[in-house]
Amino acid sequence: MIFTMAGILLTNIATICLYRGWLAEGANKSKASQGFTFAGWLLIPVSIYVSGLESGIRFAVAFAIITVCFSAWLLIVRARTQRHTGRERAKHRKALNWRAAAQGLIPQLLTAIALIPVCGTLAAFVTVGITHLLPFERVNNLALGIFTMPLIWAGLALWYMAETNRMRLYLCGSLLAACSAFSVYA
Amino acid sequence: MAFGISRKLSKRALQGHSWLGLAVGVLLYWVCLSGTVAVLGNELVRWEQPNVAETLEYSPAALQRAYRQMLQEQGDISTLVTMRLPTPDMPRAFLSANGNAWYIDDAGTLSQTKSHPITDFIAEFHAQLHLPHTFGELFVSILGALLTVLIVSGVVAHRRIFKDAFTFRGGADSSLKQADLHNRLSVWGLPFHLMIALTGAYFGLGGPLNTLYAEAMYEGDKGALFGEVFGEVPDAPAYYGKMDLGHALASLDTVAPDARPLFITFERPGEDDEFLLLGAQHTDMFIYSEQYRFDAMGNYLDAVGFAQGHAGQEAIFSVYRLHFGHFGSVWILLSYLVLGMALTVICVSGINLWFKKRQITDALNDYWAAVVWGTPASFLSAALAGFAIPSMIVPLFWGAFVMSCSYAVYKRDPHRVSQQLRIMTALLLLALALTSIVLHGWKDTSPAFIAINSGIISLAVCLLSYFAFKKASRQATSNLK
């Protein structure tokens, strides 16, 4: 119990250090504030190590994630600013414009198809196509793939949203799909 | 050389983040809200049937008698037969077969039928949004993957992620407040939210991915893949009708002295080659259980290897406990409640931000007010009615939800409708706790019953006090002006 509690305490101190470090901005960003930031980042793995002595490394990581989150939120509540910038403007009430909504439906639908089934299927093929070639045990490759697939999906979706050259996107996407399918089925 | 996210990429990521958030915001809100409540699944099961005797003690002979009784009464068994053993978070033994479950009393007889329609409603809403099982599970898992997309695009869109890490601007400008609320809850909860998204995606997407992996690594043989991950069927010696559960449990104590028995699955019940699978929890790991296999006479055969096998097996079998916070103490459960509620607030505040930026108000605002506060109000109304007609909870919920949407559109005043639904939610919470106390009494009930009812009442009182405080401060501000 003592090591777990010490670990949690260290995580709290780490968050306070990050708070002190990030609070200063621009000209106020002195060496001391950079030191606090560095100490904050350093203390997090130390706290995990200390908790891990008693609870095991898996639980120590979970405790650290939860503790950092709660202590940061508490610091934010404590340091919140209250600005009174006047009343919000009342907004016009309008009837829902069904015609405009219907006109915009097709491009929205195309984006949805690209982001959800297309990126999702491509992510699945890319993930399996790459991970099954890794030099680990098959079960480990499979588990790695299952947990990284949504991240690859996110990457592809981000690429779809950010790419300005649509032709390059479609060409690269098709090439990626063909290579992955070849890797899976060949 | 400096690494950073370009302003252009950030802007496009923000556009995509907003688009996707709006597209799936309502569904994510439902999944997150129900998931937050589902964390208390075990406690809710005990709350719904509080008069079942609770104990951590059990006798193998009594459990075996209960199994025999079930075999005699049920005849043909078409499903797995699973016996849950008492543990601190569920100190009751029960037996499930043929889609039913019964609690087992001290004498080893099957007592009350296990029935918890409110918990089932929450679990099914969270896992499949009341859609048909396979499709619903896949659909919700895709939402988990899309939550990952939202998290990644949110990080890329947020250029001042460290500089603003502790900024919260409250006060009258509610746009800034909503933005800060959304960003601060998201940034600090990021590791937790990412874990929830990835583990949530696994439940439904694991199947299609396994098909691809079977093609790539097992020449299309899915059975071989499942055998390697979840264990091959053991060679059980012929069974001569002399089951010995006691011997199996004693052997487990020798094979894995630190493991806590959690459940027993009777594989091929009543057949000649029947064997037992004893699930036992390793409290220093996240895996749901290691599966120790015994023949029907209780002789140890092997362990599947979730605890001592490959890291991949451990990772796959850790998904459930990580996703629902069923590890550690009650503090972990409470933390999951807060973190789950934070994710729910992130969904709501993200869409609120979009509404704040619009120059007009229309029926979408009305629908949104009905979604945010109509969902808990409709669920609580359905749960209350469910005490009388448990089989009608799902249609009652959707009926109440449609009514709240219609009311919001009819009133054309989202602010007022939101207020009314909030107060209704708080009052319905009180009504739910009081009804359950009136129906089951307070004495001789499980500790979970007392804890859940106290929690519900406290939540209702806090909500009502908060609304009263907000109303008073609004009035004071308008008087000053």
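Quantities reported herein were computed from a predicted structural model and do not represent experimental measurements.

The secondary structure content of chain A amounts to 7 helices and 2 strands. From first element to last, N terminus to C terminus, chain A shows the α and β order α-α-α-β-β-α-α-α-α. For 186 residues, the compact-globule formula gives about 16 Å, and the C-alpha radius of gyration of chain A, at 25 Å, lies well above that figure. Across the 186 residues in chain A, those meeting the buried criterion constitute 40%. Within chain A, counting contacts between residues at least 6 apart in sequence, those at least 24 apart form 66% of the total. With 16 positive and 5 negative side-chain charges, chain A shows a separation of 14 Å between the mean positions of the two kinds.

Let's shift gears to the interface of chain A and chain B. Contacts between the two partners involve 68 residues from chain A and, on the opposite side, 86 residues from chain B. With both sides pooled, the region where chain A packs onto chain B buries about 7,000 Å², and carbon together with sulfur makes up 72% of that total. Counting across the interface, chain A meets chain B through 2 salt bridges. Between Glu228(B) and Arg138(A) there is a salt bridge; the shortest N-O distance is 2.8 Å. Scanning the region where chain A abuts chain B turns up 8 residue pairs in polar contact (both at pLDDT 80 or more). In terms of residue count, helix α6 (residues 138-162) of chain A provides more of the side of chain A that touches chain B than any other element does, 18 residues in total. Considering only residue class, the side of chain A that touches chain B consists of 40 nonpolar, 16 polar and 12 charged. Note: strand β2 (residues 92-93) of chain A against strand β10 (residues 360-361) of chain B, 2 bridges, orientation parallel.

Turning our attention to the nonpolar core. Counting residues in each nonpolar core, the largest one holds 135 residues, and the members touching the most others are Trp153(A), Phe166(B), Trp188(B) and Tyr336(B). Broken down by element, this core gets its largest block of residues, 15 residues, from helix α6 (residues 174-217) of chain B. Leu85(B), Ala93(B), Ala248(B) and Ile264(B) belong to the second largest nonpolar core, which has 28 residues in total.

Moving on to empty space enclosed by the protein. Summed over all chains, the structure comprises 1 cavity of 30 Å³ or more. Approximately 30 Å³ is the volume attributed to the largest cavity. Lining of the largest cavity is provided by Leu142(A), Ile146(A), Tyr202(B), Asn210(B), Leu225(B), Phe226(B), Val229(B), Phe230(B) and Ile316(B). Contributing elements (two or more residues each) for the lining of the largest cavity: α6 of chain A together with α6 and α7 (222-230) of chain B. With 4 residues, α7(B) is the single largest residue contributor to the lining of the largest cavity. Partitioning the lining of the largest cavity into residue classes produces 8 nonpolar, 1 polar and no charged.

On to the UniProt feature "transmembrane region" (unreviewed entry) in chain B. Residues and elements named next belong to chain B. As annotated by UniProt and renumbered to match this structure, "transmembrane region" (unreviewed entry) occupies residues 20-41, 138-157, 185-205, 330-355, 367-387, 393-410, 422-442 and 448-469. Across residues 138-157, the secondary structure splits into 100% helix and 0% strand, with the terminal C-alpha atoms separated by 28 Å. Segment residues 367-387 splits into 95% helix and 0% strand. End C-alpha atoms: 29 Å apart.

Okay, the pattern of salt bridges next. Within this structure, the stated rule accounts for 10 salt bridges over all chains. Among the salt bridges present, the one from Arg168(A) reaches Glu163(A), with a minimum N-O distance of 2.8 Å. With relative accessibility at 44%, the residue Arg168(A) sits in the partly exposed group. According to the relative accessible area criterion, Glu163(A) is buried, its value standing at 10%. Here Arg358(B) makes a salt bridge to Asp362(B), at a shortest N to O gap of 2.7 Å. For Arg358(B), a relative accessible area of 15% gives the class buried. Take Asp362(B): its relative accessible area is 3%, and that puts it in the buried class.

The next thing to look at is the side chain of Arg84(B). Within the secondary structure, Arg84(B) sits in strand β1 (residues 81-84). This buried residue, Arg84(B), is left without a salt bridge; Asp89(B) holds the nearest opposite charge, at 4.1 Å.

Definitions and limits used
- Residues numbered from 1 in each chain as written.
- Chains lettered and ligands numbered in written order.
- Predicted model: local features only at pLDDT ≥ 70, side-chain atom pairs only at ≥ 80, totals over all residues.
- Heavy atoms only, no water.
- Helix = DSSP H or I, 4+ residues; strand = E, 2+ residues; numbered from the N terminus.
- Rg over C-alpha atoms; globule rule 2.2 N^0.38 Å.
- Buried < 20%, exposed > 50% of the residue type's maximum accessible area, 1.4 Å probe, protein only.
- Contact = heavy atoms within 4.5 Å.
- Lys, Arg positive; Asp, Glu negative; His and termini not counted.
- Charge placed at Lys NZ, Arg CZ, Asp CG, Glu CD.
- Buried area = accessible area lost by both parts, 1.4 Å probe.
- Salt bridge = Lys/Arg side-chain N within 4 Å of Asp/Glu carboxyl O.
- Polar contact = N/O pair within 3.5 Å; in protein donor to acceptor, adjacent residues only side chain to side chain.
- Nonpolar A, V, L, I, M, F, W, Y, C, P; charged D, E, K, R; others polar.
- Pairing = 2+ DSSP bridges.
- Core = buried A, V, L, I, M, F, W, Y, C linked by side-chain atoms within 4.5 Å.
- 1 Å grid on protein atoms, 1.4 Å probe; cavity = no way out; pocket = protein on both sides within 12 Å on 5 of 7 lines; lining within 4 Å.
- Points joined across faces, edges and corners; volume = space filled by probe spheres on them.
- UniProt positions renumbered as here; feature names shortened; annotations may be inferred.

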